[in-house]
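Architecture and fold: a report
Here is how the chains run, residue by residue.
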Amino acid sequence: MSKKQPLITESFPQQKLPATRSSKRLENKPSTNDKQDAVSSSTPRSNADILREAELNILRKFDVRMDYGPCTGITRMERWDRADRNGLNPPDKIKQIILKHENDTEYTNNLWHDYPL
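Quick look at the structure, then. (Residues numbered from 1 in each chain as written. Predicted model: local features only at pLDDT ≥ 70, side-chain atom pairs only at ≥ 80, totals over all residues. Heavy atoms only, no water.)

Quick look at the pattern of salt bridges
Where we set the bar: Whenever Lys or Arg places a side-chain nitrogen within 4 Å of a carboxyl oxygen from Asp or Glu, that contact is recorded as a salt bridge. Numbered from the N terminus, helices here are DSSP runs of H or I no shorter than four residues, and strands are runs of E no shorter than two.
Enumeration according to the criterion identifies six salt bridges in this entry. When the shortest N-O distance is used, the salt bridge between R76 and D63 registers 2.6 Å. Separated by 13 residues along the polypeptide, R76 in helix α4 (residues 76-85) and D63 in helix α3 (residues 47-64) bring together distant segments of the chain. Each of the salt bridges in this network shares a partner with another, and the network as a whole consists of R52, D104 and E106.

Observations regarding α4
Rule in force here: Accessible area is worked out with a 1.4 Å probe on protein chains only. A residue is then buried under 20% of its type maximum, exposed over 50%, and partly exposed in between. The directions from the helix axis to the C-beta atoms form the arc being described. Two residues qualify as a contact provided that any one of their heavy atoms is within 4.5 Å of a heavy atom in the partner residue.
Burial in α4 covers these residues: R76, M77, R79, W80 and A83. Here the buried residues of α4 occupy an arc of 160° about the axis, which is enough to place them on one side. The inward-facing, buried residues of α4 contact α3, α5 (92-100) and α6 (105-108). Two residues or fewer past α4, G87 is found with a positive phi of approximately 70°.

Considerations on the packing of α4 against α5
Put simply, the rule is: Throughout, an axis means a line fitted to C-alpha atoms (over the contacting stretch in the case of helices), and angles, computed between N-to-C directions, take values from 0 to 180 degrees. Here roughly perpendicular refers to angles of 65 to 115 degrees, roughly parallel to angles under 35, roughly antiparallel to angles over 145, and oblique to all remaining angles. Two helices cross in a left-handed way if the nearer one is turned anticlockwise from the farther one by less than a right angle. They cross in a right-handed way if the turn is clockwise. Residue polarity is assigned by list, with Asp, Glu, Lys and Arg as charged and Ala, Val, Leu, Ile, Met, Phe, Trp, Tyr, Cys and Pro as nonpolar; anything else, Gly included, falls into the polar class.
Orientation of α4 relative to α5, taken along the N-to-C sense of each, is 150°, at an axis distance of 10 Å. Taken together, the axis directions place α4 and α5 in an arrangement best described as roughly antiparallel. The hand of the α4/α5 crossing is left-handed. Between α4 and α5, the residues in contact are R76, M77 and W80 and D92, I94, K95, I98 and L99, respectively. Looking at the contact of α4 with α5, its residues break down into five nonpolar, no polar and three charged.

Structural notes on the nonpolar core
Put simply, the test is: To qualify as a nonpolar core, a set must consist of buried Ala, Val, Leu, Ile, Met, Phe, Trp, Tyr and Cys residues joined through side-chain atoms within 4.5 Å.
L56, L59, F62, Y68, M77, W80, A83, I94, I97, I98 and Y107 together form the largest nonpolar core, which totals eleven residues. Setting aside anything within four residues of it in sequence, one finds A83 in contact with Y68, L88, N89 and P90.

Observations concerning unusual backbone geometry
Phi is positive for N89, close to 55°, though the residue is something other than glycine. By relative accessible area, N89 is classed as exposed at 60%.

Re the packing of α3 against α5
One can describe the packing of α3 onto α5 by two numbers: an axis separation of 10 Å at closest approach and a directional angle of 125°. Between α3 and α5, the angle is such that the two are oblique. Here the hand of the crossing between α3 and α5 comes out left-handed. For the pair formed by α3 and α5, the contact residues are E55, I58, L59 and F62 on the first element and K93, I94, I97, I98 and K100 on the second. Its residues assigned to classes, the contact of α3 with α5 comprises six nonpolar, no polar and three charged.

As structure tokens, this is what we get:
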């Protein structure tokens, strides 16, 4: 009968985790005064800035989804059209966002546009 090999995990020392993790959360949690100071010291963002960031975030998520094929070397609209032609059903919201800002390269170019092929 052959000798059983030890598991790789047996070669590392075991470490005990703290009994509760909630105690760490309470230590790292800022007091309510700290929160108020942080809010008052930050510059207020306009609704347009918030909307822009939300739309760009949606487009970035579209860029990283491989469900619609690769996106290198083409614009977001070209990728959306190709996915639509191939029956991949890309979200209409993506097309609406791109067409609304068709002259803004931040909206039309994909996430990896600045990287060479």
